[in-house]
Amino acid sequence: MQVLHSSEISYIIPDWAYQLATLTRDAWRGKDGRCYFPYRPLTTPEYWKTAVAQLWNQGQMHSWVLVIDGLIVAHSALIKKKGYWELGRWVAYPDAPRGAVTQLCTVAMEMARTSGLHVQVECTQAHIHSQSICERLGLRPAGFGVLEHSADGTWWDIIYYDNDNRPAFDPDQFSDPFVVGDPLGQLIRTHNGHLGRLKSIPNLITTEPGESLPPERFHILPHRRDVLERTLMRVLNSLVD
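Residues numbered from 1 in each chain as written. Predicted model: local features only at pLDDT ≥ 70, side-chain atom pairs only at ≥ 80, totals over all residues. Heavy atoms only, no water.

Some words on the overall build of the protein
Across its full length, the protein holds 7 helices and 11 strands. The globule rule puts the C-alpha radius of gyration for 241 residues at 18 Å, and the 18 Å found for the protein is close to it. With respect to the three principal axes, the spread of C-alpha positions in the protein is 55 × 45 × 30 Å. A burial count over the protein gives 50% of its 241 residues as buried. Partitioning the intrachain contacts of the protein with sequence separation of at least 6 by distance along the chain shows that 62% fall at a separation of at least 24. Per element, the accessible surface of the protein, about 11800 Å² overall, is 51% carbon and sulfur. (Helix = DSSP H or I, 4+ residues; strand = E, 2+ residues; numbered from the N terminus. Rg over C-alpha atoms; globule rule 2.2 N^0.38 Å. Buried < 20%, exposed > 50% of the residue type's maximum accessible area, 1.4 Å probe, protein only. Contact = heavy atoms within 4.5 Å. Areas by Shrake-Rupley, 256 points an atom, 1.4 Å probe, with all protein chains shown as cover.)

Quick look at the structure:
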């Protein structure tokens, strides 16, 4: 078992692009056989060989993979965004060693620490596993976000984390009731376009782990539920129906 960086992957794993595309597609496959990964191009080897390889070469993205007997079983990455780096693209096979993604993220965050990078994570509401990883990494809970529309019929809400050293997000810190998050100091606000989704979330909240796709509930860590519910209450009491 070994951890490889993107500077090594293509030299050591001959069919690396095929393996990464297959891993991504299989890890996000629902019970109906459909892949629900939000970044659909990453399920094709061609995209890994071209777009991702170019980002690797330009230093705009760093990937780490866990390899067992020549098979890539887990992946994590740091992707350069405007003003920060996103820690994400977390995928692993169900039978990957326990803590595989956490191990890769730990290596990624060590690089971020030594390089002084500002890091943000966008977990989905589909399960609490990614949120648990963020907390094990010592990242700061940074609030929430919602979309105005579903993507191909699937709702993807966001639970933000970052590596800022400020206190965890709490809606009571802000006089503006429409602020629902502040990752890396950037205020995330809701508006009437989000009203339909916002009204549905309170009835979907659960602290169960969750794992099925497409997501049917809003999964949140038990000790973060209060902040979510208070945030939603402030917004819903202020928005005009």
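Considering the pattern of salt bridges
On inspection of all chains with the given rule, the structure shows 15 salt bridges. Across the pair Asp 182 and Arg 140 runs a salt bridge, and its minimum N-O distance is 2.8 Å. In this pair, Asp 182 is assigned in the loop between strand E8 (179-181) and strand E9 (188-189) and Arg 140 in strand E6 (residues 140-145), connecting sequence segments 42 residues apart. Ionic pairing is found between Asp 176 and Arg 189, a salt bridge with its closest N-O pair at 2.8 Å. Residue Asp 176 is found in the loop between strand E7 (158-162) and E8, and its partner Arg 189 is found in strand E9; the two are separated by 13 residues along the sequence. (Salt bridge = Lys/Arg side-chain N within 4 Å of Asp/Glu carboxyl O.)

Side note on unusual backbone geometry
Between Leu 213 and the following residue, Pro 214, the backbone shows a cis peptide bond with an omega angle of 0°. With respect to the element layout, Pro 214 can be found in the loop between strand E10 (205-206) and strand E11 (218-219). In this structure, Arg 89 takes a positive phi of about 55° despite not being glycine. With a phi angle near 50°, Leu 184 is a residue other than glycine that sits in the positive phi range. Relative to the helices and strands, Leu 184 resides in the loop between E8 and E9. A relative accessible area of 24% means that Leu 184 is categorised as partly exposed.

Remarks on helix H2 (residues 16-27)
Between its first and last C-alpha, H2 extends 16 Å over 12 residues, near the 16 Å set by a 1.5 Å rise per residue. Every buried residue of H2 is accounted for by Trp 16, Ala 17, Gln 19, Leu 20, Ala 21, Thr 22, Leu 23 and Thr 24. On its buried face, H2 sits against helix H1 (6-12), helix H3 (45-58), strand E2 (61-68), strand E3 (71-81) and strand E4 (84-92). (Expected span 1.5 Å × (residues − 1).)

So, the side chain of His 219
For His 219, the position within the fold is in strand E11. In this structure the side chain of His 219 is engaged in a polar contact, spanning 2.9 Å, whose partner is the backbone oxygen of Glu 208. Aside from chain neighbours lying at most four places away, what touches His 219 is Gln 125, Ala 126, His 127, Ile 128, Gln 131, Ile 159, Thr 206, Glu 208, Pro 209 and Gly 210. (Polar contact = N/O pair within 3.5 Å; in protein donor to acceptor, adjacent residues only side chain to side chain.)

Focus on the nonpolar core
Counting residues in hydrophobic clusters, the biggest one holds 76 residues, and the most contacted among them are Trp 16, Trp 48, Leu 87 and Phe 218. Element by element, the count of residues in this core is highest for helix H4 (residues 100-115), at 7 residues. In contact with Trp 48, not counting residues within four places along its chain, are Trp 16, Ala 17, Leu 20, Ala 21, Thr 24, Leu 42, Ala 53, Trp 56 and His 75. (Core = buried A, V, L, I, M, F, W, Y, C linked by side-chain atoms within 4.5 Å.)

A look at the side chain of His 127
If you trace the backbone, His 127 turns up in the loop between strand E5 (119-124) and helix H5 (129-136). Polar contacts involving the side chain of His 127 include one to the main-chain amide nitrogen of His 129, which spans 3.2 Å.

Remarks on the packing of aromatic side chains
For any pair of aromatic rings, the description rests on two quantities: the centre-to-centre distance and the angle between the ring planes. This model, assessed by the stated rule, comprises 4 aromatic pairs. Between Trp 48 and Trp 56, the aromatic rings sit 6.4 Å apart at their centres with planes inclined by 55°, giving tilted as the arrangement. When the centroid spacing of 5.7 Å and the interplanar angle of 25° are considered together, the rings of Phe 169 and Phe 174 count as stacked. Residues Phe 169 and Phe 174 agree in their burial class; the two are buried. Within the aromatic cluster, the residues linked to one another by ring pairs are Trp 16, Trp 48 and Trp 56. (Phe/Tyr/Trp six-rings, centres within 6.5 Å; stacked < 30°, edge-to-face > 60°.)

Thoughts on the packing of H2 against H3
For the pair H2 and H3, the least separation of the axes is 8 Å and the interaxial angle reads 105°. One element, H2, and the other, H3, form an angle in the roughly perpendicular class. Together, Trp 16, Ala 17, Tyr 18, Leu 20, Ala 21 and Thr 24 of H2 and Pro 45, Trp 48, Lys 49, Ala 53 and Trp 56 of H3 make up the contact between the two elements. When grouped by side-chain class, the residues that make up the contact of H2 with H3 number 9 nonpolar, 1 polar and 1 charged. (Axes fitted to C-alpha atoms, helices over the stretch in contact; angles between N-to-C directions. Parallel < 35°, antiparallel > 145°, perpendicular 65-115°, else oblique. Nonpolar A, V, L, I, M, F, W, Y, C, P; charged D, E, K, R; others polar.)

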